[in-house]
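Geometric and topological summary
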Amino acid sequence: DTTREYDFLRGLVPEDVVFNVFVVFGGLVAAFRTSHALSRYTDAASYLHQLNACWFDSASTLVAFCRNSEASYEEIKAFEQTLIRLVSVLSALCLDGLQQRDGNMVGHRFEVLGVEELDDETQATIFESEHKVESVFQMIQQLVVDAMKTKVLSIAPPILSRSFQEMGSGLLT
């Protein structure tokens, strides 16, 4: 342009200050958006960690309470295995519910520990339920109450209530 002494572009190009202000403004917007996205991501990761920690704490506490059980070895093992399987299903269902899928799109697959070993009625109830997470949560609570009745869990009720509180706080997370 300047070698041929044409000045028609000089009128179209903005002043240096205007260009610099635009670049700074664009950089600030990009930095703010990135910072906000990172903040939301770390919050979500923290909530997922808290969710899994609540359920792990609850399940491990219930398994530990079986050490002083008055029930038979087979009843204790059946309770522990069913509990771990249901907590695994509950965790997978919660993570699955966080996925945003359109139509028939397939999302992530989550490994579930021993879901095949759950009885047919339990599996059918889970798969046919409209509110799967709440249904499995209720199954876990009923399993614990039944274990109290059969003396698989022979711990004092005030101490056992901590497990119910942990499960509930996991669901509220």
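Remember, it's a predicted structure, so these values are computed and weren't measured experimentally.

Attention now goes to the overall build of the protein chain. Along the backbone of the protein chain there are five helices and zero strands. Starting at the N terminus and ending at the C terminus, the protein chain contains elements arranged as α-α-α-α-α. Compactness check: the protein chain gives a C-alpha radius of gyration of 28 Å against a globular reference of 16 Å for 173 residues, more than 25% above the reference. The C-alpha extent of the protein chain, read off along each of the three principal axes, is 100 × 35 × 25 Å. Sorting the 173 residues of the protein chain into buried and exposed places 28% on the buried side. In the protein chain, once contacts between residues fewer than 6 apart in sequence are set aside, the share between residues at least 24 apart is 68%.

Formed by 31 residues in total, the largest nonpolar core has its most connected members in Phe 79 and Leu 153. Those elements that provide at least two residues to this core are helix H1 (16-65), helix H2 (73-98), helix H4 (132-149) and helix H5 (157-172). If one sorts the elements of this core by residue count, H2 sits on top with nine residues. When neighbours within four sequence positions are excluded, Phe 79 is seen to be in contact with Leu 62, Cys 66, Leu 143, Val 144, Ala 147, Val 152 and Leu 153.

On to H5. Across its 16 residues, H5 extends 22 Å between first and last C-alpha, which sits within 8% of the 22 Å expected from 1.5 Å per residue. Every buried residue of H5 is accounted for by Leu 160, Ser 163, Met 167 and Gly 170. Relative to the axis of H5, the buried residues are bounded by an arc of 65 degrees and lie together on one face. In this structure, H5 carries Pro 157, Pro 158, Gln 165 and Leu 172 as exposed residues pointing more than 90 degrees from its buried face. In this fold, the buried residues of H5 make contact with H1 and H4.

Procedures and definitions
Residues numbered from 1 in each chain as written. Predicted model: local features only at pLDDT ≥ 70, side-chain atom pairs only at ≥ 80, totals over all residues. Heavy atoms only, no water. Helix = DSSP H or I, 4+ residues; strand = E, 2+ residues; numbered from the N terminus. Rg over C-alpha atoms; globule rule 2.2 N^0.38 Å. Buried < 20%, exposed > 50% of the residue type's maximum accessible area, 1.4 Å probe, protein only. Contact = heavy atoms within 4.5 Å. Core = buried A, V, L, I, M, F, W, Y, C linked by side-chain atoms within 4.5 Å. Expected span 1.5 Å × (residues − 1). Arc of directions from axis to C-beta.

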